[in-house]
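# Coordinate inspection notes
Spelled out from the first residue to the last, the chains are:
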Amino acid sequence: MPAMTVGKCVDFCTEKKLSLAVLAGQRCLCGFSTKHFPLHVRENITRCLYHCPGQPHENCGTDIYNVVYQTEVQDNRCMNRSFLLDQPKQLIALASFPGSGNTWARHLIELGTGFYTGSYYFDRSLFDKGFKGEKDDWRSGRNICIKTHESSKKEIEAFDSSILLIRNPYRTLMAEFNRKYGGHVGFAPMLLWKGKTWPKFVEVYSEMWASHTLAWLSYSGPLHVVHYEELRRDIFIHLRGLVLFLGLRLSVDRLLCAENQREGRFRRSGLHRLGYDPFTEDMRTSIDYHIKKVDIALRAKTFSGVPDEYHLRQI
């Protein structure tokens, strides 16, 4: 296409019913990610900053360095899922503090393994959106892992092994505040952010974040720790680690497909911004104290400490 634009290439690949539109200068390539063209192996963006012939403010890459867009076409290599039927019954927790991205992690695990995940609770809206394991009794053994926010010793020890999902408490508190007062994909009203509700929430929930995480780090069974931020940065590598911990055979195609279908319908849009920093200096001092306790506990269990961004002084 001599007058190539991003829109032309995306429309062309959508018509071809392929999930990726790849711009290579004046060429438009359509396809899906493979082990020879993985989306997690990226080049420096500056190598792709070549203007599109038909739209100078867009970037179309070159023959060597391509710009990749996802079309509206679903990558179907990882869409089929089923319940566990023949495997020995094992209860594996997917434990996290509320607001840590558990639902999104379940989405990735289901795509990466081909098996449904269950829940300690029942959320009709999640069942209606495709989480078929949501209705199962959490002790049924038919699901590859079980979502839980519980943290008492009795409830922790009810599981045979556990994945612990940890997220930066600054982000976790904001996400849980939005969920609590705005629903699974909504946002809390500004009136609550500006009033007394938010400061009280931070005081109580920051301590709960630390105590929940420390309780699971004391778990006596096999434990796999994954940080939400690292999972987002490199889905392929960290989802691969989760699949291996779950004792399943790896399917590279499923992992690549999961990477391609990463968002699902279960994350709040990142477009909503408060427009100001909701954390006061006193709040930050308290939260940083809790982060340090968790960091020490992680290192004591021979895990790596919290990611560097947990210590950032800005949101």
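None of these values were measured; they are calculated from a predicted model. (Residues numbered from 1 in each chain as written. Predicted model: local features only at pLDDT ≥ 70, side-chain atom pairs only at ≥ 80, totals over all residues. Heavy atoms only, no water.)

### As for the packing of helix 5 (residues 169-182) against helix 11 (residues 281-300)
- Relative orientation of the contacting elements helix 5 and helix 11 amounts to 115°, with a least axis distance of 10 Å. Of helix 11, the residues touching helix 5 (which contributes Pro-169, Tyr-170 and Leu-173) are Arg-284, Ile-287, Asp-288 and Ile-291. (Axes fitted to C-alpha atoms, helices over the stretch in contact; angles between N-to-C directions. Helix = DSSP H or I, 4+ residues; strand = E, 2+ residues; numbered from the N terminus. Contact = heavy atoms within 4.5 Å.)

### As for the packing of aromatic side chains
- Applying the stated criterion across every chain, the model contains 17 aromatic pairs.
- Taken together, a centroid distance of 4.8 Å and an interplanar angle of 50° make the contact between Phe-83 and Tyr-116 tilted. Here Phe-83 is found in the loop between strand 5 (67-70) and strand 6 (92-96), whereas its partner Tyr-116 is found in the loop between helix 2 (102-113) and strand 7 (118-119), with 33 residues between them in sequence.
- You can call Tyr-116 buried: its relative accessible area is 13%.
- Taken together, the ring pairs in this structure connect Phe-97, Tyr-170, Phe-177, Tyr-181, Trp-193, Trp-198, Phe-201, Tyr-205 and Phe-279 into an aromatic cluster.
- When the ring centre of Phe-83 is taken as reference, the NZ or CZ atom of Arg-142 above it lies at 3.8 Å.
- In this structure, Arg-167 is placed above the aromatic ring of Tyr-228, and the distance from its NZ or CZ to the ring centre is 4.2 Å. (Phe/Tyr/Trp six-rings, centres within 6.5 Å; stacked < 30°, edge-to-face > 60°. Buried < 20%, exposed > 50% of the residue type's maximum accessible area, 1.4 Å probe, protein only. Lys NZ or Arg CZ within 6 Å of the ring centre and 35° of its normal.)

### Considering unusual backbone geometry
- You will see that Lys-17, though not glycine, has its phi angle at about 60°, which is positive.
- By the element assignment, Lys-17 lies in the loop between helix 1 (6-15) and strand 1 (20-24).
- Unusually for a residue other than glycine, Thr-302 sits at a positive phi of about 65°.
- Inspection of the secondary structure assignment puts Thr-302 in the segment after helix 11.
- By relative accessible area, Thr-302 is classed as exposed at 73%.

### Looking at the pattern of salt bridges
- Per the stated rule, a full pass over the model turns up 15 salt bridges.
- Here Asp-75 and Arg-77 are joined by a salt bridge, their closest N and O atoms 2.7 Å apart.
- When its relative accessible area of 4% is taken as the criterion, Asp-75 is described as buried.
- One salt bridge connects Arg-77 with Asp-253, and the closest N-O pair in it is separated by 3.5 Å. Here Arg-77 is found in the loop between strand 5 and strand 6, whereas its partner Asp-253 is found in helix 10 (residues 252-260), with 176 residues between them in sequence.
- Residue classification places Asp-253 among the partly exposed residues on the basis of a relative accessible area of 42%. (Salt bridge = Lys/Arg side-chain N within 4 Å of Asp/Glu carboxyl O.)

### Things to note about the sheet that holds strand 5
- As summarised here, the arrangement of the three strands in space is 2-1-5, forming an open sheet in which the pairing is antiparallel. Each end of this open sheet is capped by a strand with a single partner; those strands are strand 2 (27-31) and strand 5. Strand-to-strand twist across the sheet, computed as the mean angle between neighbouring axes with direction ignored, equals 25°.
- As paired strands, strand 1 and strand 2 are joined by five bridges and run antiparallel to one another. (Pairing = 2+ DSSP bridges.)

### A closer look at the UniProt feature "domain: WSC" (unreviewed entry) in the chain
- UniProt records the feature "domain: WSC" (unreviewed entry) for residues 1-72 in the present numbering.
- Across residues 1-72 one finds 14% helix and 29% strand; the C-alpha atoms that close the span lie 21 Å apart. (UniProt positions renumbered as here; feature names shortened; annotations may be inferred.)

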